[in-house]
Amino acid sequence: MSDDLLNSEVKAGSGGSVAAAASTRFLNPLLAAMLLTLYGAIVWGAGEWWGRGLLLAHFGLFLIWQPVWRGESEVPAVRAILVLGIGLLFAVFGNWWLIATWIAVLFSLIGGGVPGSSARNGRIVSILAAVYLIAMLLMWVVPHVFADYVIEPGATVFVRYGLPLLPLVILAIPGDRGKQNDPVIVDLFYSVVLFLLVVALALGSFVIQQVSHGEYLLGLAQTLMVIALVLVGLSWLWNPREGVSGIRTLLSRYLLGLGLPFEQRMRRLARLAQNETHPERFLRIALSDLLDLPWVSGFAWATKISTGAVGNETANAESYSTGDLVVTMYSSTPCSPAILLHMNLLMQMIGHFYEAQRQEQRRQQSAYTQAIYQTGARLTHDIKNLLQSLRSLCVAAEMRAADDIAFRALVQRQLPQITQRLGATLEKLKSPETVTGNDVDATVWWQAVSARYAGRTVIFETEGDIAGMHLPAELFDSTVDTLIENALYKSVRGATVWVRVILGSGPLLRVCDDGEPVPADVAMQILHAPVASDSGLGVGLFQAATFARHSGYKLELVKNRHGNVCFELARAD
């Protein structure tokens, strides 16, 4: 069903649905009336003026019943005038050849709708109508084509008094409940094949009778035998089973372009994949959209995280698997190989779209988890440095008297800085993407850092003139604390380690110690990825280097030998 037809159905609303149901309720009576008017025109009214009128009435009933244009669709005026002109020509100037062709067309239209019909009564009605038309064609119309042929009296009695019972039976058959809104589906391929078979049967009988000057019934029997032999040969050529692909493969390639608007379905799937980004909802909507196909009754699917179903479950089932997705299609009747190939392609595309959305969902979850990890690790390191400063105050408190003037001065210098840094850390925890660092005077920052580590084995030196220089306090605080604490931790495993902190113009920060060097395998990763650590999370220097890159600086291990291990923070080139 096209998008335009979908839009027209939505606009029609409930009123349009009720009108469609009311019109399709009379399809069987219309078909019966159409067949009876044709019967009256060619059996009883041949050559009479009222027979022409019945032909015209028959054509009008056909236009009301016809399965080509639905009643809710609008037929252009030019096409309507053309159809009416053909009807008038058929009714006024129709002969037995034209009537034979018309009956063959009716037979192909009705017979072509049988494979796509899911209603039991509808299939019975179509079969009865097809039997009526083929009997009328072969027993009455084709014999009248022969100028010197006399129809057998028994055949005349059967046609005049026996065949009308079939339209009367159609008139008595009610429509299927719950199927009134189903349109009559005419398969173009089946209709063409049936039309050609009927034409071959009628013309073959005519040719054999004319050439052999024999009986028509004998020519009809001979034609049926020839067609039967041809069909047997085609059935063998369909699948030879001797290493040859056969007609089946060739025909399937052609049928890939028939029966299903594949490009239209692909466009609808692509639009749905753009508008619906949740994988499970996309899967349900995409499969629900395929329920309007006449041979589809329902779908069931299963993935690693969900299962579901839409429509109705029937005995005819076909399974399709794409990655982690398994879809089962239920159909009202067994599907042809061409339809199965179409559905396989559609299921593959739905599976690819579904898997793409699942991968995008996993990527977003991974990015979200990574952002949480990076923010948490950085804030954890900041809090660890703050705790280290508080621990230093506690150690100083244990070593000095409460009224010591030097201790009180240390507390007065340290507590405001710790409070300020803790407040900044809490702000980053609330909204890590909105907090920005501020540049501070290098001299003021240098004095604060020197006071923070007073009394420990840390030596502070300057290179060049730092007066009037500004530096990003948050970056330099986090980096210097991490480097100093890592260097002082070496004292736990051996002799006392002295740390030299140098601030130079640029600004440039260098932290060196006289302890053990960083192992070679760790030195290659310590600034680029988390490493194993027995004193923390192993992400301090990695976070510091990442923070430096985002701030336009670079952190490097410039020296790494015993007694001289140096890290340097400077502006990136």
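Each value, and the rule that gives it
Residues numbered from 1 in each chain as written. Predicted model: local features only at pLDDT ≥ 70, side-chain atom pairs only at ≥ 80, totals over all residues. Heavy atoms only, no water. Pairing = 2+ DSSP bridges. Helix = DSSP H or I, 4+ residues; strand = E, 2+ residues; numbered from the N terminus. Axes fitted to C-alpha atoms, helices over the stretch in contact; angles between N-to-C directions. Contact = heavy atoms within 4.5 Å. Disulfide = S-S within 2.5 Å. Buried < 20%, exposed > 50% of the residue type's maximum accessible area, 1.4 Å probe, protein only. Phe/Tyr/Trp six-rings, centres within 6.5 Å; stacked < 30°, edge-to-face > 60°. Lys NZ or Arg CZ within 6 Å of the ring centre and 35° of its normal. Core = buried A, V, L, I, M, F, W, Y, C linked by side-chain atoms within 4.5 Å. Expected span 1.5 Å × (residues − 1). Bend = angle between axes of the 7 residues up to and from the residue. Parallel < 35°, antiparallel > 145°, perpendicular 65-115°, else oblique. Nonpolar A, V, L, I, M, F, W, Y, C, P; charged D, E, K, R; others polar. Left-handed = near helix turned anticlockwise from the far one by under 90°. Arc of directions from axis to C-beta. Patch = residues over 30% accessible without salt bridge, like charges linked within 9 Å, V, L, I, M, F, W, Y side chains within 5 Å. Areas by Shrake-Rupley, 256 points an atom, 1.4 Å probe, with all protein chains shown as cover. Salt bridge = Lys/Arg side-chain N within 4 Å of Asp/Glu carboxyl O.

A. Fine view of the sheet that holds strand β8 (residues 499-504). The strand order across the open sheet built from five strands is β6-β8-β9-β11-β10, with neighbouring strands paired in mixed fashion. Only two strands of the sheet have a single partner each, and these edge strands are β6 (458-463) and β10 (553-561). Each adjacent strand pair in this sheet contributes to an overall mean axis angle of 15°, direction not counted. Here β10 runs beside strand β11 (residues 564-571); their pairing, made up of eight bridges, is antiparallel. Residue pairing in the sheet places Arg561 in a bridge with Asn564 of β11. Across the sheet, helix α19 (residues 540-550) touches β10 and β11, and the angle it forms with β10 is around 140°.

B. Structural detail: the state of the cysteines. Per the counting criterion, the structure on display carries one disulfide. Across the disulfide, Cys512 is cross-linked to Cys566 (sulfur-sulfur distance 2.1 Å). Between Cys512 and Cys566 the sulfur-sulfur dihedral comes to about 120°; the bridge is accordingly right-handed. Note that Cys512 is positioned in strand β9 (residues 508-513) and Cys566 in strand β11, a separation of 54 residues in sequence. The buried category is assigned to Cys512, whose relative accessible area is 5%.

C. Fine view of the packing of aromatic side chains. Across all of its chains, the model carries ten aromatic pairs by this definition. Taking 6.1 Å as the distance between ring centres and 70° as the angle between the ring planes, the aromatic pair formed by Trp44 and Tyr161 counts as edge-to-face. Separated by 117 residues along the polypeptide, Trp44 in helix α2 (residues 27-44) and Tyr161 in helix α7 (residues 153-162) bring together distant segments of the chain. Judged by its relative accessible area of 39%, Trp44 falls in the partly exposed class. With a centroid separation of 5.4 Å and an interplanar angle of 80°, the aromatic rings of Trp446 and Phe460 are classed as edge-to-face. Of this pair, Trp446 sits in helix α16 (residues 442-452) while Phe460 sits in strand β6, and the two are 14 residues apart along the sequence. A relative accessible area of 9% means that Trp446 is categorised as buried. Aromatic rings pair up to connect Trp445, Trp446, Phe460, Phe476 and Tyr553 into one cluster. A cation sits over an aromatic face here: Arg160 above Trp44, 4.7 Å from the ring centre.

D. Looking closely at the nonpolar core. Ranked by size, the top nonpolar core spans 54 residues in total, and within it Leu31, Ile42, Ile103, Leu133 and Met136 carry the most contacts. Here this core takes 14 residues from helix α6 (residues 120-145), the largest share from any one element. The residues contacting Met136, other than those within four sequence positions of it, are Tyr39, Ile42, Val43, Ile103, Val141, Val159 and Leu163. Ranked by size, the runner-up nonpolar core spans 36 residues in total, among them Ile466, Leu488, Ala544 and Val565.

E. Here's a closer look at the sheet that holds strand β1 (residues 296-302). Reading across from one edge, β2-β1-β4-β3 is the order of the four strands in this open sheet, with antiparallel pairing throughout. Each end of this open sheet is capped by a strand with a single partner; those strands are β2 (307-311) and β3 (316-322). Looking at each pair of strands side by side, their axes are set apart by 15° on average, direction ignored. Here β1 runs beside β2; their pairing, made up of five bridges, is antiparallel. Bridging across to β2, Phe299 finds its partner in Val310. Strands β1, β2 and β4 (325-331) of the sheet are contacted by helix α13 (residues 279-289), whose axis makes an angle of about 25° with β2.

F. Examining the pairing of β1 more closely. The buried fraction of β1 is high, at six of seven residues. Sheet topology note: the β1/β4 ladder contains six bridges and is antiparallel. Each residue of the ladder has a partner; that of Val296, found in β4, is Ser331. Linking β1 back to β2 in an antiparallel pair, the connection comprises four residues.

G. Representation of α6 within the structure. Across its 26 residues, α6 extends 37 Å between first and last C-alpha, which sits within 8% of the 38 Å expected from 1.5 Å per residue. Along α6, the sharpest kink reaches roughly 40°, centred on Leu137.

H. Quick look at unusual backbone geometry. In this chain, Gly506 is followed by Pro507 through a cis amide linkage whose omega measures -5°. Relative to the elements of secondary structure, Pro507 occurs in the loop between β8 and β9.

I. Region of interest: the packing of α2 against α6. One can describe the packing of α2 onto α6 by two numbers: an axis separation of 11 Å at closest approach and a directional angle of 5°. In terms of axis orientation, α2 runs roughly parallel to α6. Packed against α2, whose contacting residues are Asn28, Leu31, Leu35, Leu38, Tyr39, Ile42 and Val43, the element α6 presents Val125, Ala129, Tyr132, Leu133, Met136, Trp140 and Val141 at the interface. When grouped by side-chain class, the residues that make up the contact of α2 with α6 number 13 nonpolar, one polar and no charged.

J. Up close: the packing of α16 against helix α17 (residues 473-489). Closest axis-to-axis distance for the α16/α17 pair is 12 Å, and the angle between their directions is 25°. Between α16 and α17, the angle is such that the two are roughly parallel. Our pair here, α16 against α17, has a crossing hand that is right-handed. Only Ala473, Phe476, Asp477, Val480 and Asp481 of α17 make contact with α16, whose side of the interface consists of Trp445, Val449 and Arg452.

K. How the structure looks around α13. Within the sequence span of α13, burial applies to Pro279, Glu280, Phe282, Leu283, Ala286 and Leu287. For α13, the angular spread of buried residues about the axis comes to 160°, placing them on one side.

L. Local environment of a nonpolar patch on the surface. On the surface, Val193, Leu197, Val226, Val230, Leu231, Leu234, Trp236 and Leu237 cluster together into a nonpolar patch covering about 670 Å² of accessible area. Going through the elements one at a time, α9 (188-212) and α10 (216-238) are the ones with two or more residues in the nonpolar patch. Of all the elements, α10 adds the most residues to the nonpolar patch, at six residues. Position of Leu237 relative to the elements: it lies in helix α10.

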